[in-house]
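Coordinate inspection notes
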Amino acid sequence: MYTDVPSFTRCCFCAPLRYGLLVWAYLKLVLSILLLAGFLMWLSVVFFFIFFSETAIYILMSFIITVMILVFDVVFNFVFVIGIHKRHTTLLHIYFRYGIAYVVLMITFFLVNTGFIIYFTYEPLQEVELWRGIAVAGSALVTILGIHSYLLLLLRSEIRKLKDTAQFKFENHTADPKCYMQQTDYVSENNKSQDDSVKTPLP
């Protein structure tokens, strides 16, 4: 059984699709830059305390992966902005594929981090605050991925619209008219007979 993926003509049911995607693209780019800058500043402050903790290796690996995700997010959001401005379907396809990979990566990263936190917690079943924090983080992740998935559906609709528009192009060949002359056999034979009559000497 097959179901069609919904196609949208407007962003948030009110704004034009392309302008809505432009707003989303700039918003995501600014937020990703702010998140990366804020995380690096926070990491520089707490690095000394993290380095001497018992789970320093795990925490550092987690922070390195987080920084890599944020850096890639900034780069691909910049690609998204350029693709929307120039109506470049190849760049939009690249961001669309990155968006799908981003969803899978964030879910995997959340599950791995949650597993490590529960593993390193003494008697985790009795820690109410731990499960409350996991619930809050999970709700935030679901909200972010829901908005991100809606953005991907809007982007898919824009890519399809650009492809449909590119297939209908009118080429006006009358701007440079060309005239061709074809010599018929009748004209050639008349010209030949006239030449023979001119060359024949009079008696």
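Reference entry: report on the structure contained in this document. (Residues numbered from 1 in each chain as written. Predicted model: local features only at pLDDT ≥ 70, side-chain atom pairs only at ≥ 80, totals over all residues. Heavy atoms only, no water.)

A count of helical and extended segments in the protein chain gives 5 helices and 2 strands. Secondary structure elements of the protein chain, listed N to C terminal, follow the sequence β-β-α-α-α-α-α. A burial count over the protein chain gives 30% of its 203 residues as buried. In the protein chain, of all internal contacts separated by at least 6 residues, the share reaching a separation of at least 24 is 74%. In the form shown here, the protein chain has an accessible surface area of approximately 15,400 Å², with 69% of it arising from carbon and sulfur atoms. (Helix = DSSP H or I, 4+ residues; strand = E, 2+ residues; numbered from the N terminus. Buried < 20%, exposed > 50% of the residue type's maximum accessible area, 1.4 Å probe, protein only. Contact = heavy atoms within 4.5 Å. Areas by Shrake-Rupley, 256 points an atom, 1.4 Å probe, with all protein chains shown as cover.)

We now examine the nonpolar core. Ranked by internal contacts, the top residues of the largest apolar core, which has 37 residues, are Leu21, Phe80, Ile84, Leu92, Tyr95, Leu154 and Leu155. Elements with a contribution of two residues or more to this core: α1 (17-51), α2 (56-86), α3 (89-120) and α4 (128-167). Per element, the largest residue contribution to this core is 10 residues, and it comes from α2. The residues touching Leu154, leaving out its near neighbours within four places in the chain, are Phe8, Arg10, Cys11, Leu17, Leu21 and Trp24. (Core = buried A, V, L, I, M, F, W, Y, C linked by side-chain atoms within 4.5 Å.)

Next up on the list: the environment of Asn77. Relative to the helices and strands, Asn77 is located in helix α2. Apart from residues lying up to four places away in sequence, Asn77 is in contact with Lys28, Leu29, Ser32 and Tyr95. Polar side-chain contacts of Asn77 include one of 3.2 Å to the side chain of Tyr95. (Polar contact = N/O pair within 3.5 Å; in protein donor to acceptor, adjacent residues only side chain to side chain.)

Bringing the packing of aromatic side chains into the picture now. A complete count under the given rule lists 8 aromatic pairs for this structure. Their ring planes at 5° and their centres at 4.2 Å tell us that Phe76 and Tyr98 sit as a pair that is stacked. Linking Phe76 in helix α2 with Tyr98 in helix α3, this pair joins segments that are 22 residues apart in sequence. Tyr98 carries the same exposure label as Phe76, and that label is buried. An aromatic cluster of three or more residues is present, and its members are Phe72, Phe76, Phe80, Tyr95, Tyr98 and Tyr102. Looking at Arg18, its charged tip hangs above the ring of Tyr19, at a distance of 6.0 Å from the centre. (Phe/Tyr/Trp six-rings, centres within 6.5 Å; stacked < 30°, edge-to-face > 60°. Lys NZ or Arg CZ within 6 Å of the ring centre and 35° of its normal.)

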